[in-house]
Amino acid sequence: MSDKSAPARPTPDLRSFTPARVALGRSGASLPTTALLDFTLDHARARDAVHAAFDARRLLADLSALGLAVTEVRSQAVDRRDYLRRPDLGRRLEPGSAELLERAASAPCQIAIVIGDGLSAAAVHAHAVALVRRLLPLLAADDGVAIGQIVVASGARVALGDEIGAILGARMVVMLIGERPGLSAPDSLGAYLTFAPKPGRSDAERNCVSNIHRAGLSYDEAAVKIAWLVREGLARQVSGVALKDESADRAPRRIGTFPPG
């Protein structure tokens, strides 16, 4: 019987390419103490991210420093406990916030950007402003995409952006939101784009740019993808499964012309 050949790359080497838990070793029938302690620490960080308080005032100040006019709203979830137990409440605005947006809406706009806490306020605190800073010049390039409103939303689920976009008359909404924390990334930010937003849109009608964090997708890479999807979505008048991300090999088209119908 011939000897089995050694693997081309030893399994422990994989740990240099991924934060995933591979090649942890063992101590008897259990994990080594170091691996167990690392897991416990990462689990605690993920739990802390879910329950962390959202500093909306800090976000408003940082966005205002970029020269942006920002409106603050909240969902129908009255507190974090309510938010976690009733996801449906995070998808609708509380009445006072809806009235505030209706007063702020002056005319239909091309795009509204909504920044919501989601399941990781830590992700929003860490990454949202830096991403917006890189995204704005890309949207303004060439013929430009006019941003109608920047909205900061507390107690937000992804679908809250649909109601906000509909009230503001936005042709497309970009929701930047804290993603569900993982053991290797408790502060991952996601961007969800929806053309013709309105309550009742399904996830299949959205595009998602996810895993925006220091060990994941960089701010520059994410901004390029989002800007490309915005421009193509406006030009084709679609989003979701009908719009594939081809930003890596196609230049953005101008949004001055639209397909018939």
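Nothing here was measured: the structure is a model prediction, and the numbers come from that model.

Conventions adopted
Residues numbered from 1 in each chain as written. Predicted model: local features only at pLDDT ≥ 70, side-chain atom pairs only at ≥ 80, totals over all residues. Heavy atoms only, no water. Phe/Tyr/Trp six-rings, centres within 6.5 Å; stacked < 30°, edge-to-face > 60°. Lys NZ or Arg CZ within 6 Å of the ring centre and 35° of its normal. Buried < 20%, exposed > 50% of the residue type's maximum accessible area, 1.4 Å probe, protein only. Helix = DSSP H or I, 4+ residues; strand = E, 2+ residues; numbered from the N terminus. Arc of directions from axis to C-beta. Contact = heavy atoms within 4.5 Å. Axes fitted to C-alpha atoms, helices over the stretch in contact; angles between N-to-C directions. Parallel < 35°, antiparallel > 145°, perpendicular 65-115°, else oblique. Left-handed = near helix turned anticlockwise from the far one by under 90°. Nonpolar A, V, L, I, M, F, W, Y, C, P; charged D, E, K, R; others polar. UniProt positions renumbered as here; feature names shortened; annotations may be inferred. 1 Å grid on protein atoms, 1.4 Å probe; cavity = no way out; pocket = protein on both sides within 12 Å on 5 of 7 lines; lining within 4 Å.

Caption draft 1: Structural context of the packing of aromatic side chains. Taken as a whole and judged by the stated rule, the model has zero aromatic pairs. The lysine or arginine in question, Arg-157, covers the ring of Tyr-83, its NZ or CZ lying 4.2 Å from the ring centre.

Caption draft 2: Representation of helix α2 (residues 56–64) within the structure. Every buried residue of α2 is listed here: Ala-56, Leu-59, Leu-60 and Leu-63. The arc that holds the buried residues of α2, viewed along the axis, is 100 degrees, so those residues lie on one side. On its buried side, α2 packs onto β1 (70–74), β2 (109–116), α5 (121–140) and β3 (147–154).

Caption draft 3: Fine view of the packing of α5 against helix α7 (residues 219–236). For the pair α5 and α7, interaxial distance at closest approach is 9 Å and the crossing angle is 50 degrees. Classified by the angle their axes make, α5 and α7 are oblique. Relative to α7, α5 is oriented so that their crossing is right-handed. Across the interface between the two elements, Ala-126, His-127, Ala-130, Leu-131, Arg-134, Leu-135, Leu-138, Leu-139 and Ala-140 of α5 pack against Tyr-219, Asp-220, Ala-222, Ala-223, Val-224, Ile-226, Ala-227, Val-230 and Arg-231 of α7.

Caption draft 4: How the structure looks around the packing of α2 against α5. Taken N-terminus to C-terminus, the directions of α2 and α5 make an angle of 20 degrees; their axes are 10 Å apart at the nearest point. Classed by the angle they form, the pair α2 and α5 counts as roughly parallel. With respect to the hand of their crossing, α2 and α5 are arranged in right-handed fashion. On α5, the residues that touch Arg-58, Leu-59, Asp-62 and Leu-63 of α2 are Val-124, His-125, Ala-128, Val-129 and Val-132. Residue composition of the contact of α2 with α5, by class: six nonpolar, one polar and two charged.

Caption draft 5: Molecular detail of the UniProt feature "binding site: adenosylcob(III)alamin" (unreviewed entry) in the chain. Here the UniProt feature "binding site: adenosylcob(III)alamin" (unreviewed entry) sits at Val-158, Glu-179 and Cys-208. Maximum C-alpha separation among the annotated residues is 11.1 Å over a sequence range of 51 residues, consistent with a single clustered spot. Lining residues of the largest pocket, restricted to the annotated ones just named, are Val-158 and Glu-179. Within the secondary structure layout, Glu-179 lies in the loop between β4 (170–178) and β5 (189–195). Dropping the residues within four chain positions of it, Glu-179 is found in contact with Leu-119, Ser-120, Ser-188, Leu-189, Gly-190, Tyr-192, Ser-210 and Asn-211. Those residues within four positions of Cys-208 in sequence are excluded, and the remaining contacts are Ala-191 and Tyr-192.

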